[in-house]
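Architecture and fold: a report
Listed below are the residues making up each chain.
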Amino acid sequence: MRLNLILALSLLACLTFSLAKYQRRPLARGRRRGVGPKRARKQTSNTALQQGRTAESNGQHGSIFIESYKNTKEPKPNYEVTAAKSEHCVFRGITMYDKTVWSPKPCVNCLCSSGEVVCDRILCSTLKCQLKFQPIGECCPICIDPVVDAPEFSGDPPPNDLGDPYPEISQSQRDKKERLKKDEEERIRKKDAERKQRKKQKKEEAERQRKLKEAKEAREKEEELRRLREEEEEREAAEERKRRMEEQRRVEENRTRRLEMEQREMMRALEEAAERAQEGLRGDEATEDEDMVWLRGDVFQMPPVPPTKAADPPPLLALQEPTEPGEEDRELGEESPELGEEETDEVEEESEMVTTLLPPGCSISDITVTCENAKLTGIPPLSIPELKSLSLQGNEIKTIPAGAFNGIPNLEWIDLGKNKIVSSGIDPQAFKGLKFLSRLYMDGNLLEQIPSELPSTLQELKINENNLKEIEENSFEGLTSLVTLEMEGNLLSEGNVNPQAFKPLKELTYLRLGRNHFRTVPQGLPASLLELYLENNLIEEISETAFNYTTNINVVVLRHNKLDESSIAPLAWINHRNLESVDLSHNSLYLVPSFLPKSLVHLVLTGNQIERIPGYVFAHMEPGLEYLYLSYNKLDGDAIEPESFFGTFNTMTELCLDHNHLTSIPMGINEMTALHFLRLNNNKIRHISEDAICNPLNEDDSHLVALRLENNLLDLRKIPPTAFSCVRSYSSVVLKPQRIK
């Protein structure tokens, strides 16, 4: 019994000493040590006794001592009190010594005082911060961002007597804070990922732009090489064609010389044979027979040869290729081995007579006979059925009798230009037998009327530079296949051309009536007409009905006439959908005419007196004008308006404004995205701005191929370096010489 008492006293002394030491030392953040069978639990600081119990401070900030637990015999109705039988306390079956402190659950502290169990709950201070965080195992939250002001306590008890400055927070708040932290980290991670992605995209875009630029440069180099290669090939092809033509000309000359030599030889042999034949003839009959040698007809007659032999046409081969002496005899001998010696001599003599079909100055090549400038006075008597072409240009032929071409019925082309043929000298039946004739040239003669009874197969008829004074209603009767008709340089006018004359020409597409005396466009033109040439006439007006029936016309040439902008009727051709080319050069225009055809592509106004280009004058054209020639006019600094070229910005390919009085680059040129050739030479241009010719905002490939600015008043040193940036090659820019003083 005594031993037990000693042990109990010793144990009590130890506990008292431990408790005193524990009270003297401030507890670590959020931790208290309880004495008993259970291990100490984690607790937070800043606690206060619940319901009116106030801890006392030792005068130091943040240090709390549990003095309220002393002398606890006074009743405290708000505490949870567990009665004990002695000074020891029993709590949930566990015996606690007097002054023992423990934590039965989070955020609750209990004390054994004189057999009574006193428990209080930890209160948290108010935090003035935006971001709060509750550590694991703590009862109160803490600030994780800088606190602006020191924490204040609004009527709450001061920190608990344990002196822990960090209260605990609940598990839900901790989880919420963890989620917020994770969300913040996720947001930062996403921002970093987005920033990396943008950086990667910028890098990829820069790489793509670099590759595109390299591909563009490579494409430009390839196109330049291809263009140079094509130019080289074209140059080589031109040289090759020139060489072949030269070689062909030499071969033709050699062949012609050989044929002439052969003809001279055969003529000499013929003269000798004729002399021998004349020795055996007597009287007037011999003379008459000799005169008949050069009579024109189907059969070339020779006295020594029987008519039956001479009637057969000679082989064309004998007229084409020269033979060696004796070769012809061998061929004839091989072909007719049964002939006797006399008959062989007759055949040889007949072969010699074949060449007499070609008069001096004529030559034959394949299926063409040429007798140009041979001083012939009549159609030569030819009997060559295989002949296709006959040229008699530059002779002194005056008449074409009936049957003139009987020996050459398969002719397709006849050239009778530059002779002295008159209308009365052409027999109505002269061309009747030519069933295959497609081309007939009679330029430079003395014809006053269209030859009659021309073959219906004729496709091309040229009667330029004659004295045609009249075209009657039936002048072209039967020429339903005629495609090309030329009658330039005659005496024709609207007064002597019957409007019904062109009615039979159902296939006519090409008509030339230049250098005549027309004052208006001829009436009655065929609907099939595609090209009409009326240059060098006296035309003063274009009426509304001038082209009513020629709705398919494509080209109209009216240069060197007397037209002005007011003499063209508004409805003359504006609605034509096929008229693409109009030539009004060298007239009396002072303005670019309005009401031009909608389909116009090619417009020539060179050599007029044009002083202004009205606004929107080309705006109605579809798809738009491509070629505009305004050279040699009177355009000055005020001649071109901002809207003058409206409608041509995407189509204009070639623009000529040279030999005018322009003082600056016209407005609108820098907007022409398809412009390839620009001529501004021989003006009075003094200055070129940076964007006058090339638009700096246009990022497309360079389009200008050639630019001429010579003979102006430019100071080349003052031209901006980027003024010609849209020109493909600076070598294509002609700037010298200048007329600057």
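None of these values were measured; they are calculated from a predicted model. (Residues numbered from 1 in each chain as written. Predicted model: local features only at pLDDT ≥ 70, side-chain atom pairs only at ≥ 80, totals over all residues. Heavy atoms only, no water.)

**Comments concerning the packing of aromatic side chains**
Per the counting criterion, the structure on display carries eight aromatic pairs. Between F91 and W102, the ring centres sit 5.4 Å apart and the planes meet at 55 degrees, which makes this aromatic pair tilted. In this pair, F91 is assigned in strand 4 (residues 89–91) and W102 in strand 6 (residues 101–105), connecting sequence segments eleven residues apart. Relative accessible area serves as the criterion here: at 13%, F91 is assigned to the buried category. The class for W102 is buried, based on a relative accessible area of 10%. Relative to W573, the ring of F547 lies with its centre 5.9 Å away and its plane at 20 degrees, an arrangement referred to as stacked. With F547 in the loop between strand 19 (531–533) and strand 20 (555–557) and W573 in the loop between strand 20 and strand 21 (581–583), this pair connects stretches of sequence that are 26 residues apart. A relative accessible area of 2% means that F547 is categorised as buried. The class of W573 is buried, set by a relative accessible area of 1%. A network of ring pairs unites the aromatic residues Y616, F646 and F649 as a single cluster. Note that K462 overlies the ring of Y441, its terminal NZ or CZ placed 4.5 Å from the centroid. (Phe/Tyr/Trp six-rings, centres within 6.5 Å; stacked < 30°, edge-to-face > 60°. Helix = DSSP H or I, 4+ residues; strand = E, 2+ residues; numbered from the N terminus. Buried < 20%, exposed > 50% of the residue type's maximum accessible area, 1.4 Å probe, protein only. Lys NZ or Arg CZ within 6 Å of the ring centre and 35° of its normal.)

**Considering the state of the cysteines**
Covalently bonding the sulfur atom of one cysteine to the sulfur atom of another cysteine gives a disulfide. Following the criterion strictly, the structure yields four disulfides and no others. Here C110 is linked by a disulfide to C119, with a sulfur-sulfur distance of 1.9 Å. Since a negative S-S torsion denotes a left-handed disulfide, the C110-C119 link at about 105 degrees is right-handed. You'll find C110 and C119 in the same group, each marked buried. (Disulfide = S-S within 2.5 Å.)

**A look at unusual backbone geometry**
Backbone phi values are negative for most residues with the exception of glycine, while trans is the configuration of most peptide bonds. A cis amide bond links E622 to the next residue, P623, at an omega of 0 degrees. Inspection of the secondary structure assignment puts P623 in the loop between strand 22 (602–604) and strand 23 (627–629). Of the consecutive residues K736 and P737, the connecting peptide bond is found in the cis state with omega at 5 degrees. Along the polypeptide, P737 turns up in the segment after strand 27 (733–734). Non-glycine residue E453 carries a positive phi angle of around 55 degrees.

**Describing the environment of M621**
Assignment of secondary structure puts M621 in the loop between strand 22 and strand 23. Residues M621 and F595, 26 residues apart in the sequence, show an inter-C-alpha distance of 9.7 Å. Residues in contact with M621, not counting those within four places in the same chain, are L596, P597, K598 and L600. (Contact = heavy atoms within 4.5 Å.)

**So, the pattern of salt bridges**
Going through the model one piece at a time under the given rule, you end up with 24 salt bridges. Two residues, R519 and E540, come together in a salt bridge whose shortest N-O distance is 3.4 Å. Of this pair, R519 sits in the loop between strand 18 (510–512) and strand 19 while E540 sits in the loop between strand 19 and strand 20; the two residues are 21 residues apart in sequence, bridging distant segments of the chain. Given a relative accessible area of 40%, E540 falls into the partly exposed group. Two residues, R708 and E710, come together in a salt bridge whose shortest N-O distance is 2.1 Å. (Salt bridge = Lys/Arg side-chain N within 4 Å of Asp/Glu carboxyl O.)

**A look at the confidence of the model for the protein chain**
Put simply, the protein chain has an average pLDDT of 77, and 74% of its residues get 70 or more. Every residue in residues 147–168 scores below 50 in pLDDT, and together they form 86 contacts with partners more than four places removed in sequence or on other chains. Contacts from residues 282–356, a stretch scored under 50 in pLDDT, to residues over four places away or in other chains number 73 contacts. (pLDDT = per-residue confidence, 0-100.)

**So, the nonpolar core**
Ranked by size, the top nonpolar core spans 117 residues in total, and within it F405, F431, W573, F618, I688, L709 and F724 carry the most contacts. Excluding residues that lie within four positions of it along the chain, I688 makes contacts with I665, I693, L709, L714, I719, P720, A723 and F724. Listed in part, the nine residues of the second largest apolar core include M96, C110, C112 and C119. (Core = buried A, V, L, I, M, F, W, Y, C linked by side-chain atoms within 4.5 Å.)

**Some details on a negative patch on the surface**
Side chains of E217, E220, E222 and E223 sit close together on the surface and give a patch of like negative charge. Secondary-structure assignment places E220 in helix 2 (residues 171–279). Residue E220 is classed as partly exposed on the basis of its relative accessible area of 37%. (Patch = residues over 30% accessible without salt bridge, like charges linked within 9 Å, V, L, I, M, F, W, Y side chains within 5 Å. Areas by Shrake-Rupley, 256 points an atom, 1.4 Å probe, with all protein chains shown as cover. Lys, Arg positive; Asp, Glu negative; His and termini not counted. Charge placed at Lys NZ, Arg CZ, Asp CG, Glu CD.)

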